[in-house]
Structures are given as structure tokens and as C-alpha cells.
Number of protein chains: 2
Amino acid sequence: MKEILLAHGGGGEETRQLIESLFVKHFGNPMLERLEDAAIISGNPQLAFTTDSFTVSPLFFNGGNIGKLAVAGTVNDLAVMGARPLYLSSAFIIEEGFPFEHMQTIVASMAEELQKSGATIITGDTKVVPRGSADGLFINTTGIGQVVYPGLSAGNVQPGDVLVVSGTVGDHGACILAQREGIELESDLQSDCATLWPLIEMVLTTEIEIHAMRDPTRGGLAAVLNEWATTSQVGMDIQEAAIPIRQEVMGLCELLGMEATSLACEGRVVFAVPQPQAEALLAVLHTHPLGRDAQIIGTVTSAHPGQVILHTEYGARRILEPPQGELLPRIC
Amino acid sequence: MKEILLAHGGGGEETRQLIESLFVKHFGNPMLERLEDAAIISGNPQLAFTTDSFTVSPLFFNGGNIGKLAVAGTVNDLAVMGARPLYLSSAFIIEEGFPFEHMQTIVASMAEELQKSGATIITGDTKVVPRGSADGLFINTTGIGQVVYPGLSAGNVQPGDVLVVSGTVGDHGACILAQREGIELESDLQSDCATLWPLIEMVLTTEIEIHAMRDPTRGGLAAVLNEWATTSQVGMDIQEAAIPIRQEVMGLCELLGMEATSLACEGRVVFAVPQPQAEALLAVLHTHPLGRDAQIIGTVTSAHPGQVILHTEYGARRILEPPQGELLPRIC
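About the criteria used
- Residues numbered from 1 in each chain as written.
- Chains lettered and ligands numbered in written order.
- Predicted model: local features only at pLDDT ≥ 70, side-chain atom pairs only at ≥ 80, totals over all residues.
- Least-squares fit on C-alpha atoms with pLDDT ≥ 70 in both.
- Contact = placed C-beta atoms within 7 Å.
- Core = buried A, V, L, I, M, F, W, Y, C linked by C-beta atoms within 7 Å.
- Buried ≥ 20, exposed ≤ 12 C-beta atoms within 10 Å, placed from the backbone.
- Pairing = 2+ DSSP bridges.
- Helix = DSSP H or I, 4+ residues; strand = E, 2+ residues; numbered from the N terminus.
- Axes fitted to C-alpha atoms, helices over the stretch in contact; angles between N-to-C directions.
- Arc of directions from axis to C-beta.
- Nonpolar A, V, L, I, M, F, W, Y, C, P; charged D, E, K, R; others polar.
- Domains from an automatic or database assignment.
- Parallel < 35°, antiparallel > 145°, perpendicular 65-115°, else oblique.
- Left-handed = near helix turned anticlockwise from the far one by under 90°.

Draft legend 1. How the structure looks around the relation of the copies chain B and chain A. Overlaying chain B on chain A yields an RMSD of 0.0 Å, the required transformation being a rotation through 180° with an accompanying axial translation of 0.0 Å. These values place the two chain copies in the arrangement generated by a two-fold rotation axis. Residue alanine 134 of chain B of chain B places its C-alpha closer to the rotation axis than any other residue of that unit, at 2.1 Å. Looking at the interface residues of chain B, 100% of them are also at the interface in chain A, so both copies use one shared face.

Draft legend 2. Representation of the nonpolar core. With 227 residues, the main nonpolar core has Leu225 of chain A together with Leu225 of chain B as its most contacted residues. Apart from the residues lying within four places of it in its own chain, the contact partners of leucine 225 of chain B are Met236, Ile238, Val308 and Leu320 of chain B.

Draft legend 3. Fine view of the sheet that holds strand S5 (residues 83–95) of chain B. All names here are of chain B. Spatially, the five strands line up as an open sheet ordered S1-S2-S7-S5-S6, and their pairing is mixed. Two strands close off the open sheet at either side, each with one partner strand: strand S1 (39–41) and strand S6 (120–129). Neighbour-to-neighbour, the strand axes of the sheet open up by a mean angle of 20°, direction not taken into account.

Draft legend 4. Focus on the sheet that holds strand S6 (residues 120–129) of chain A. All names here are of chain A. Pairing within the open sheet is mixed, and its five strands lie in the order S1-S2-S7-S5-S6. Strand pairing shows two members of the sheet lacking a second neighbour, strand S1 (39–41) and S6, which therefore form its edges. Put simply, the sheet's adjacent strands are angled 20° from each other on average, direction ignored. Of the strand pairs in this sheet, strand S2 (residues 47–54) and strand S7 (residues 137–147) are connected by eight bridges, and their pairing is antiparallel.

Draft legend 5. Representation of helix H6 (residues 197–204) of chain A within the structure. Residue and element names in this part refer to chain A. Along H6, the positions that sit buried rather than exposed are Trp197, Leu199, Ile200 and Val203. The buried side chains of H6 occupy one side of the element, clustering within an arc of 160° when seen end-on. The elements touched by buried residues of H6 are helix H3 (66–79), strand S5 (83–95), strand S9 (212–214) and helix H9 (278–286).

Draft legend 6. How the structure looks around the interface of chain B and chain A. Opposite the 62 residues of chain B that make contact, chain A presents 62 residues. Looking at which element gives the most residues to the side of chain B that touches chain A, the answer is S6 of chain B, with 10 residues. Here the side of chain B that touches chain A is built from residues that sort into 35 nonpolar, 19 polar and eight charged.

Draft legend 7. Looking closely at the domain arrangement of chain A. Residue and element names in this part refer to chain A. The domains assigned to chain A are domain 1 (6–147) and domain 2 (161–319). Taking the mean C-alpha position of each, domain 1 and domain 2 sit 22 Å from one another. Per element, the largest residue contribution to the side of domain 1 that touches domain 2 is seven residues, and it comes from H3. Here the residues of the side of domain 1 that touches domain 2 are counted per class, giving nine nonpolar, 11 polar and four charged.

Draft legend 8. Fine view of the packing of helix H5 (residues 171–181) of chain B against helix H8 (residues 247–256) of chain B. Residues and elements named next belong to chain B. Interhelical geometry of H5 versus H8 gives an angle of 55° and a closest axis separation of 10 Å. Looking at the two axes, H5 sits oblique to H8. Crossing of H5 over H8 shows left-handed handedness. Counted together, Asp171, Ala174, Leu177 and Ala178 of H5 and Val249, Leu252 and Leu256 of H8 form the full contact between these two elements.

This is the structure in C-alpha cells:
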């Protein structure tokens, strides 16, 4: 590896390799190696801690902007670890000449999005770099949450579990892609960018047992399922026809030769739950606007550990590979 | 205000205005308004929480690099709030094509610097942006510490207090400036970039009472003193000749028409302590390599509240204004 490639930031295999060869090697501690969405700090209460830098382009997209995304993204990383989002930091790297009006819109979106989880921004930082040293605006948000449902982990997915996704996949990735490529869609495709805490909190207050949750951002559904299969050393059987994908996302993928299952979501969550809980979970999800399109998409097996198998409507099978290559730079 | 200017990131008056008109306005909560180096989260134990994005240019400088700076900077922001640094996140925004070898050097420096405080990096994020969308590398570090000496605050400086600085001021700023302008110095001027926790921990284990601590980074000593004077509504009388400034920093400032008191330090701390404690503090600081050049630089008074008065050797007086204008972009 001579230089950093776009693929190293894609959230797929190359990102994993970079993390292992660089960060785990030097910072090496058990928490980093787990590659969860948030680190867990033991104590009473147990805390979750997570960070994300947002470099999305364009900064304003159908369904949100970088500010909404920065708050929802970090809050979601806490939520899927079973943690109530409490405190966020926000750090801005702004290119000289960036319109103040845009800053106001973006910061107002962040404030609005915070209200959906009740988290507050209590510390921040602002850097301005000369024209040409950054592209508009980058935002880092780092969050602290209180774990209310402990034990969730990518390593906790078990044979017999049922896999449930809370809504259509790939909307955010397709929306950004269409806007960036200047593709006019006939429909009004929006990013699914949303704070998941209200949905997840509702699920956590039921008696439903959950083994793992994850929001499929960079690398999409394919990345989450493969990470779970590898970390938990289980196999997965996914019914392709059961994966909820919007017609226009499907069309865009065909046009551009992409897989909807590798496109980022920013307001979806994947659950692994014991089989007897699956229907109850689905029923609960369907009562919430963010879970309206929830579907059972497959099951976990002890056969073919580490492999995610996609079953087509016509009985064919293929391996759903972990996403590789450049994917989409600056998707979040 | 139409657009964001470099001055908005300088750490001086314009930064303060931006924070107030944008972040405090929208995120408004008592913690943000205090503008301390870290937010304090009440509870048992009390936690400190702080974030910083680092955009320093050049990435490698005499005495350190962006990685060392990113760890020391965030650890120091916790330390000056009386908090033992515990956990850090690190988020990288890397420009496509950045040499992997540089990443290794930088990450190794971070790991080495962490050992000085015992803090660990437990969560992270990596984004890669296309060539031209960022300048090399930006790093965000966000830290959590456990408050071991509560009550420190920019609003807690009291008339009668003595002001102590732990070493020469402006070394980091001058070093970056010289390197950036291609000025060859006869001496080997190094950035003072250092983790202050060992020095501060040593002071905190004594019986010495402390009212406020602050590391004078962007905006330098002048920014810290003015912030304290404003927030605590006190005046300050500073003996200009007592401020420790290296000969070569002084020379560079004369050459470029700058004030050493406005140049950033990255391994210095300013203390406000009750008068009877000042000599004891000085004696303790002098026993540590990071406090070898510590000096008493002035006193706090109830006269001229909000004003920092500089007394020259010849009996003249002038106001030490809070830094304004562009200062030095990408100093940290």
C-alpha cells in the first residue's frame, strides 16, 4: 500500500484493511478491534462513545443537508448500540468564503434534528482553512450515550436468528448519486436521512430480545450482513425479493451498474432477533413512520459460516459479497 | 456577515462572534455559552468532554506533526479543566493520494503521545475525499476525561490572584510561521507541542489552590488573559518583561510585525492562583521539564475590569488587546 485511495474510505473491505493495518496496529486495544458503531465504556452507567466526520457532497440534498446528516449519523451510531444519545460535540472545518447563510441553514438543521433524540451539543470547535484547502464544509460529530440495552454486538448474531430491515435500502446513496450525476428522476427520491432513536427506543421498551442492530451506512446492507457473518461466524440466507428497494433506486442501479444493497442508508436499521421474536418486531416497527416498510429479509444459519447467500425468486443462489472498490466517495 | 473569513477561525474576537451568532444561538445551552476548553457533564464521576479538529500546515513541523498535536491538544483541553484524560476518538479526513508512509508516521506519533497521559483511542472514523477536496490530512480528536479537580473556570479568576505561565510563549506559532514562510532561523526553534497532563497532574496532587487553568493555543496568551478578564470581570496587570519569550521568537515577531503574546502555544499552561500560593506553584513547576521556564507574569485586580494592562520595563502602560484579524490560519 503506497498511498491512500478513495476505496480506503468506502466502508468496505479496503477500509477494514486500513483500520487493521494502521489504527488497530498502533492504537491497538480490544475496543477498536471490535469495529462496532460505538465503543462501550464500562462503568455505571455504561457509556457508548462514537465519532464520525461528514464530508458529503453536495452539502444540500433532497431530504437533508450535511448538518442534519451529522447529527442523525452520530445519534444513530449510539442508538444501534442500545444507547440513549445524550451529548454531542460538533467540530466544523469551513473553507474561507463559505456563505454565512448556508452555515445558518445547516446549523439550524442540526438544532432541529437534535430535538428528535433529545441529545444536546455541549462542546464544539471551528476551524477556517484558506480557499482551496477544503471543499466547502466538513463536520465532525462525536457522541456520548447511556447504554440502556447492553450486549448488542456484531459478534452476537446467532444461528436461528431472523434478519429484519426497517425500510427501503439505498435511498440515501441513490439520492446523492442522482444529484451528483445530474440525473433527473421522474419521482421525488429523497434521502432516508433520519434520527432512528425514536424508533429504536420504542422497540427497546418492548420485551423483544435483540442480538444485534446496525444502521447500514457506507457499504449499505451488504456491508452490515457480511460484517455480522464474519464477526459472528455464521451464515446468512437472504431472500432477494424480500429486500425492500424503491423502484427508482432499482432503476438507477440498473442504469449505473450498481447494487442497491451496497448503497448507503442514513435512516434504516437492520436487526438480528431470535426467530420467535421476528413477527412481533415487525408488527412494532410497522406502527412507526420510520418502520412502515420494515421486512423480514432472511435467516441466520450455522451452515456456510462467514457467507451471505442471496436466494433469487427463481431458486438461484449467489453470494452477496462485501462491497469493494471505490463505491461512492463523499456519500456521508 | 456575508461569508466565513479566515479570521472566524483565528481563535480571537471574530471566532467568539461566530460562536455566539451561530452556535450558541441555535444549540443554545448553558454549557456552550461558557466557552471553556471542555464541557463538564455532571454526575458521579463528573466528566469533561472536548473536541478539536486539526488542520495544521505543514503537517510535519519542527517538534512534532499533526498526529502528536491532535492527541496533545485534546488531552490538554481536558487537563486544564482539571480532568484526567481517559478516552479519545480520532477521525481522519484524508485526501486521495496521501502517502501511506506519512499516515504510519502520524499514527505512530499519536500512539506515542497517548502514552504520556495514559489516555486511549477507543473509537474512530476514516473518510477519504477526492484529490483537491482537502489539503492532505485533517484529524479530529474528541476526548472524555474524569474531573479530579472541579471548579476550574474562566469565570473563577479573582482579584488578588497571581498569573503564572508554565514556559516560553509563542514557540509553536513562531515555528509554524517560520517553516511556512521559508525563514531559516539560526537556532533550532521547536514547537512546544506537548502533553501537559503529567505537569498538571503533579500540580493537582499538591495542596496548591487553583482558580483557573488554560492552555494558550489559538490567539495565544493575549486571548487567554482577555477571555479571563472578560468572563471573570476582573482587570489584569502584566509585567511585560516577565513574560518568557525566546530570543528567536522575539526576533521573528519583529521581522513580521507580530506579537509573541498572540502566537499559539501547544504545550504551555497559564494558571490563576491565590497570591499566597504563587511561589509554591512556581517551585513545583520548576521541578518538571515542561515547567522549567515558568514565570509569574502579573496579578489580577478589581480595578479596570475586563482590561489587561501591560506594564513595560520603563513604566509605560498599554492595553493588551484581544487578538483580532486573520492571525495565522491552519496553526493547529
